[in-house]
Amino acid sequence: MSIIPFKEITRTKRANLTSIISRKPISTDIEAVQAFTPKTATALVYCEGNFGKIDGKTANGLVRHSEKYKILSVIDSLHAGADAGNVLDQKSNAVPIFANLAEAFASAPNKPDYFIYGMAPATGMLSLQERTIMLEAMRLGMNVINGLHEFLNDDPEFIAACLEHNVKITDIRKPRPKNELRLFTGDIHKVACPRIAVLGTDCAIGKRTTANILTKALAERGINAVLVTTGQTGMIQGSRYGVALDAVPSQFCCGELEATIVEAYKGDAPDVIIIEGQGALSHPAFCTSAFILRGSAPQAVILQHAPKREYRCDFDQMEMPSAQSEIKLIEAFADT
């Protein structure tokens, strides 16, 4: 089995990529395109008390970028009346924030298709109040997108609500059945295009956002870049290729990611594959970075770091590592 070095791949592609970058966009008949474009599903995003904060990263990500849903509004009483874009990035995006579900639902031009739980609490579970709100959203006729470790399709109360109100729940993190989970095979080394992993020195530090921006920037320059996401937020945003690694049994994590990357390579014939990171290799509470390095075997890594963050998020007794120490650890752990 021969492995093509990253430098060799980029050298041989340089002339072709240069010509691709210089191409002008092809003009299209906008009205004709719109006529055949399927309706984008609409959604309310619930993020009570956490929008713009670390635990609100799913809502934050959806407001910044969503290929699958049109975000109508965010629910967070702490920022009621504000513009979501202004709260996040000091730039208006016309996504309003409401104090509660009733106000958000009443403001929608039509019944929203989905109610998205937009937080990632450390517990991974719903509170009693959140259960009530989610059941009320279902009573109003909205389907539910759930990114927690608590699978609502296994909950008798939510199963009954689905039947009563004719709605569905999507448990984003729920892995495929165990007899369908895939083990690592080594096929990742048959993927000839460069693979770049976006890792970090902590969780909730901007890895997914950077991966999205990078993938978009490459596409705008005519380079066929494909993003493989590894967490619930990227999958909710609409990534074509993804797996919620932190919900997969550890024996299958490397294989599930490897198989997903191979699917992306065969399906889209990309020039480059970007892999979203999770946690941090040095973080004792998370193991997903290790699985990502093994399963994707990246030729290059982009490291995301927050210089002013003093302690790991949710772990105020753990000081942040330096970027230099994380780089040394990654290079010692993986051939990249």
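What comes next is a walk through the structure. (Residues numbered from 1 in each chain as written. Predicted model: local features only at pLDDT ≥ 70, side-chain atom pairs only at ≥ 80, totals over all residues. Heavy atoms only, no water.)

1. Quick notes on the overall build of the protein chain
In plain terms, the rule: The helix count covers DSSP runs of H or I at least four residues long, the strand count covers runs of E at least two residues long, and both are numbered beginning at the N terminus. To sort residues, take the accessible area from a 1.4 Å probe on protein chains only and compare it with the maximum for the residue type: under 20% means buried, over 50% means exposed, and anything in between is partly exposed. We call two residues contacting when some pair of their heavy atoms lies within 4.5 Å. Surface accessibility in these figures is a Shrake-Rupley result with a 1.4 Å probe; residues are shielded only by whichever protein chains are displayed.
Tallying secondary structure elements over the protein chain gives 12 helices and 13 strands in all. Relative to its 336 residues, the protein chain shows a buried fraction of 48%. Residue pairs in contact within the protein chain that sit at least 24 positions apart in sequence constitute 72% of those at least 6 positions apart. Accessible surface computed for the protein chain: about 17,100 Å², of which carbon and sulfur atoms make up 54%.

2. So, the sheet that holds strand β9 (residues 241-242)
Rules: Any two strands with at least two DSSP-identified bridges between them are counted as paired. Interaxial angle, 0 to 180 degrees, is taken between N-to-C directions of lines fitted to C-alpha atoms, where a helix line uses only the stretch in contact.
Pairing in this open sheet of 5 strands is parallel, and the strands run β9-β8-β10-β7-β11 from one edge to the other. Looking along the sheet, the strands with just one partner apiece sit at the ends: β9 and β11 (300-304). Of the strand pairs in this sheet, strand β7 (residues 195-200) and β11 are connected by 5 bridges, and their pairing is parallel. Bridge pairing in β11 places Gly200 opposite Gln304. Across the sheet, helix α12 (residues 323-333) touches β7 and β11, and the angle it forms with β11 is around 150 degrees.

3. Section: the layout of surface pockets
For clarity, the threshold we go by: Cavity: a set of points on a 1 Å grid over the protein atoms alone where a 1.4 Å probe fits but cannot get out. Pocket: an open set with protein on both sides within 12 Å along at least five of seven lines, its lining residues, like those of a cavity, having an atom within 4 Å of a point. Grid points are joined across faces, edges and corners, and a volume is the space filled by probe spheres set on the points. Residue type decides the class: Asp, Glu, Lys and Arg count as charged, Ala, Val, Leu, Ile, Met, Phe, Trp, Tyr, Cys and Pro as nonpolar, and the leftover types, Gly among them, as polar.
Approximately 950 Å³ is the volume found for the largest pocket. Forming the boundary of the largest pocket are 43 residues, of which Ile54, Lys57, Ala120, Cys203 and Ala204 lie nearest the centre. Contributions of two or more residues to the lining of the largest pocket are made by α3 (57-64), α4 (84-89), α8 (207-220), α9 (232-237) and α11 (288-296). Looking at the lining of the largest pocket, its residues break down into 18 nonpolar, 14 polar and 11 charged.

4. Thoughts on the side chain of Glu130
Definition in use: Only four residue types enter the tally: Lys and Arg on the positive side, Asp and Glu on the negative side; His and the chain ends are excluded. Salt bridge, as applied in this entry: a Lys or Arg side-chain nitrogen positioned within 4 Å of an Asp or Glu carboxyl oxygen.
Mapping Glu130 onto the fold places it in helix α6 (residues 128-139). Salt bridges are absent for the buried Glu130, whose nearest opposite-charge side chain, Arg131, sits at 9.3 Å. In this structure Glu130 touches Tyr46, Tyr117, Met119 and Met125, once residues within four positions along its chain are discounted.

5. Here's the deal with helix α10 (residues 250-268)
Quick note on the threshold: Between the first and last residue of a helix there are one fewer steps than residues, each counted as 1.5 Å, and that sum is the expected span.
For α10, which comprises 19 residues, the first-to-last C-alpha distance of 28 Å matches the rise-based estimate of 27 Å (1.5 Å per residue) to within 8%. For α10, every residue scored as buried is listed here: Phe252, Cys253, Cys254, Gly255, Glu256, Leu257, Glu258, Ala259, Thr260, Ile261, Val262 and Ala264. Structurally, α10 contributes buried residues whose contacts are with β7, β8 (225-229), β9, β10 (272-276) and α11. Two residues or fewer past α10, Ala269 is found with a positive phi of approximately 45 degrees.

6. So, the pairing of β7
Burial analysis of β7 places 6 of its 6 residues in the buried class, which makes it a mostly covered element. Where burial is concerned, the two faces of β7 agree: the one with Arg195, Ala197 and Leu199 and the one with Ile196, Val198 and Gly200 are both buried. Here 4 bridges tie β7 to β10, and the two strands are oriented parallel to one another. Within β10, the position partnered with Arg195 by the bridge is Ile273.

7. Notes on the packing of aromatic side chains
Heads up, the rule is: Aromatic rings from Phe, Tyr and Trp, taking only the six-membered ring of Trp, are treated as a pair when their centres fall within 6.5 Å; an angle between ring planes under 30 degrees marks them as stacked, one over 60 as edge-to-face, and anything in between as tilted. Two thresholds decide whether a charge sits over a ring: the Lys NZ or Arg CZ must be within 6 Å of the ring centre and within 35 degrees of the ring normal.
Evaluation of the coordinates by the stated rule reveals 3 aromatic pairs. Relative to Tyr114, the ring of Tyr69 has its centre 5.2 Å away and its plane inclined at 65 degrees; by these criteria the two rings are edge-to-face. Residue Tyr69 is located in strand β2 (residues 69-75), and its partner Tyr114 is located in strand β4 (residues 114-117); the two are separated by 45 residues in the primary sequence. Three or more aromatic residues link up through ring pairs in this structure, and these residues are Tyr46, Phe115 and Tyr117. One residue, Arg294, lies across the ring of Phe333, its end atom 4.1 Å from the ring centre.

8. A word on the environment of Phe158
Among the secondary structure elements, Phe158 is positioned in helix α7 (residues 156-165). The class of Phe158 is buried, set by a relative accessible area of 0%. With 10 residues separating them along the chain, Phe158 and Lys168 place their C-alpha atoms 9.5 Å apart.

9. Here's the deal with the packing of α6 against α7
Packed helices, taken two at a time, are described by their axes: the angle between them and the distance between them. Short version of the rule: When an angle is under 35 degrees it counts as roughly parallel; over 145 it counts as roughly antiparallel; between 65 and 115 it counts as roughly perpendicular; any other value is oblique. Crossing handedness: left-handed means the near helix sits turned counterclockwise from the far one by under a right angle, and right-handed means the same turn made clockwise.
α7 packs onto α6 with a crossing angle of 20 degrees between their chain directions and a minimal axis gap of 9 Å. Classified by the angle between their axes, α6 and α7 sit roughly parallel to one another. In this structure, α6 meets α7 at a crossing whose hand is right-handed. Counted together, Arg131, Met134, Leu135, Met138 and Arg139 of α6 and Glu157, Phe158, Ala161, Cys162 and His165 of α7 form the full contact between these two elements. Of the residues that constitute the contact of α6 with α7, the class distribution is 6 nonpolar, 1 polar and 3 charged.

10. Re the nonpolar core
Definition in use: Definition used in this section: a nonpolar core is a set of buried Ala, Val, Leu, Ile, Met, Phe, Trp, Tyr and Cys residues joined via side-chain atoms within 4.5 Å.
Residues Phe51, Val74, Phe115 and Met138 are the most contacted members of the largest nonpolar core, which totals 45 residues. For Met138, the residues in contact, after removing those within four places along its chain, are Val144, Phe158, Ala161, Cys162, His165, Val167 and Ile169. Formed by 29 residues, the second largest nonpolar core is a distinct cluster that contains Val243, Leu257, Val262 and Ile275.

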